[in-house]
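# Reading the structure
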Amino acid sequence: MRKLLTGVLAFSIISSGISSGVAHAHQPVVLLDSDKTAAAGPLLVDGTVSFAVRASFSKAGQKKAFRAQFKDGDALSVQYLIVDAKPENSLRMTALPSVVITGPKGTKPVTIKLNERTKFYEPYGGTNYLYLGRYSAPAVAGIYNFVITARGKAAITIGVGEKEIPGEVARGPVPMATPKPAASVTPSATPTPIQTAAP
């Protein structure tokens, strides 16, 4: 029951208040219509934490995007899912949105291939999904951009990360680590030599 409440609360935080700055969440992230570029979209501060990024489209050509941050050697783990219900589960693969992942400078863009149809039951929301594609590789340090382009009316979920722990989602500039203030050093008084008179 506690896990279910945590998931519902996280979803409420993400869907209602993420644009106000930084939000803490455990899984769901809903992309907004304004998230047309990766820079404008949300940032998954730790891309190894499990997030379910949801994107809905009403027509072909629409774009939604987000970012995820990784450290060198992290596992880049991405899954492409749809709800196992109509209209999504009746659409051809070629009618579903494309997902292109672009890593930091020097890495080649990757398009997620839709090559499976594996059932998956998500217990928190009581939802049946279908895995349509997966991608995994070692990450390099930096931010990865995920751009989703619609080919028609559809809704998909992009799973990122595998750690089932609370994660952080931010909008705007990449949050920088706040440097700790240097410990204030109070100079000790320099002892003044005392001259004693010779007897």
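First, a word on what this report is: a plain description of the structure on this page. For clarity, every value in this text was computed on a predicted model and none was experimentally measured. Numbers given for residues are sequential positions, taken from 1 along each chain in its written order. Two thresholds apply to this predicted model, a pLDDT of at least 70 for residue-level local features and 80 or more for giving and counting side-chain atom pairs, whereas whole-chain, interface and lining totals are computed over all residues. As a convention, hydrogens and water are excluded, and side-chain values are obtained from all of the structure's heavy atoms.

Here a strand is any run of E in DSSP of at least two residues, a helix any run of H or I of at least four, and the numbering for each starts at the N terminus. The helix and strand inventory of the protein chain stands at 1 helix and 13 strands. Ordered by position from the N terminus, the helices and strands of the protein chain form the series α-β-β-β-β-β-β-β-β-β-β-β-β-β. Categorising residues by exposure relies on relative accessible area from a 1.4 Å probe, with only protein chains included: less than 20% of the type maximum marks a residue as buried, more than 50% marks it as exposed, and the intermediate range marks it as partly exposed. By the burial criterion, 38% of the 199 residues in the protein chain qualify as buried. Excluding contacts between residues fewer than 6 apart, the proportion of contacts in the protein chain whose partners are at least 24 apart in sequence is 75%. For the accessible areas, the method is Shrake-Rupley and the probe is 1.4 Å, while residue cover comes only from the protein chains on display. Accessible area of the protein chain: about 11900 Å², with a carbon and sulfur share of 59%. Contact criterion: two residues are considered in contact whenever any of their non-hydrogen atoms come within 4.5 Å of each other.

By salt bridge we mean one thing: a side-chain nitrogen of Lys or Arg within 4 Å of a carboxyl oxygen of Asp or Glu. All told, the structure shown has 4 salt bridges when counted by the stated rule. In this structure, Asp35 and Arg171 form a salt bridge, with 2.7 Å as the shortest nitrogen-oxygen distance. Highlighted residues: Asp35 in the loop between β2 (28-30) and β3 (43-44) and Arg171 in the segment after β13 (167-170), separated in sequence by 136 residues. Look at Asp35 and you get buried, because its relative accessible area is 0%.

A few words now on the sheet that holds strand β6 (residues 75-83). Two orientations exist for strands paired in a sheet by backbone hydrogen bonds: parallel and antiparallel. Strand pairing is assigned whenever DSSP detects at least two bridges linking the two strands. Spatially, the 6 strands line up as an open sheet ordered β2-β4-β12-β6-β10-β9, and their pairing is mixed. Only two strands of the sheet have a single partner each, and these edge strands are β2 and β9 (118-122). Here the average twist between neighbouring strands, direction ignored, is 35 degrees. Relative to strand β12 (residues 154-160), β6 runs antiparallel, the two sharing 4 bridges. If you follow Val78 over to β12, its bridge partner there is Val160. Helix axes are fitted to C-alpha atoms over the stretch in contact, other axes to C-alpha atoms as well, and angles between N-to-C directions run from 0 to 180 degrees.

Two rings belonging to Phe, Tyr or Trp (six-membered ring only in the last case) form a pair when the distance between their centres is within 6.5 Å. Interplanar angles under 30 degrees mark stacking, angles over 60 mark edge-to-face geometry, and anything in between is tilted. Considering all chains together, one arrives at 4 aromatic pairs under this definition. Measuring from centroid to centroid gives 5.2 Å for Phe70 and Tyr144, while their planes differ by 85 degrees, and the two rings are edge-to-face. On the criterion of sequence distance, the pair formed by Phe70 in strand β5 (residues 63-70) and Tyr144 in strand β11 (residues 142-149) is long-range, its members being 74 residues apart. Each member of the pair, Phe70 as well as Tyr144, carries the same accessibility label: buried. Between Phe120 and Tyr129, the ring centres sit 6.3 Å apart and the planes meet at 35 degrees, which makes this aromatic pair tilted. Given a relative accessible area of 30%, Phe120 falls into the partly exposed group. You can call Tyr129 buried: its relative accessible area is 8%. Counting as a charge over the ring demands two things of the Lys NZ or Arg CZ atom: a distance within 6 Å of the ring centre and an angle within 35 degrees of the ring normal. Taking NZ or CZ as reference, Lys64 lies 5.6 Å from the ring centre of Phe57, over its face. The ring centre of Tyr131 lies 3.8 Å from the NZ or CZ of Arg134, which sits over that ring.

What follows is about the nonpolar core. Counting 31 residues, the largest nonpolar core has Leu44, Phe66, Tyr80, Phe146, Ile148 and Ile158 as the members making the most contacts within it. Of all the secondary structure elements, the ones that give two or more residues to this core are β4 (51-57), β5, β6, β7 (98-102), β10 (127-138), β11 and β12. With sequence-adjacent residues up to four places away left out, Phe66 is seen in contact with Leu31, Ala38, Gly41, Pro42, Leu44, Val53, Tyr144, Asn145, Phe146, Ile148, Ile158 and Val160. As used here, the term nonpolar core means buried Ala, Val, Leu, Ile, Met, Phe, Trp, Tyr and Cys residues forming a set that is joined through side-chain atoms within 4.5 Å.

We now examine unusual backbone geometry. Cis geometry is adopted by the peptide bond preceding Pro87, which originates at Lys86 and carries an omega value of 10 degrees. With respect to the secondary-structure elements, Pro87 resides in the loop between β6 and β7.

Let's shift gears to the pairing of β6. Of all 9 residues in β6, 7 are buried; the element is thus mostly enclosed. Bridging between β6 and β10 involves 9 bridges; their strand directions are antiparallel. When the bridges of β10 are listed, Tyr80 appears paired with Gly133.

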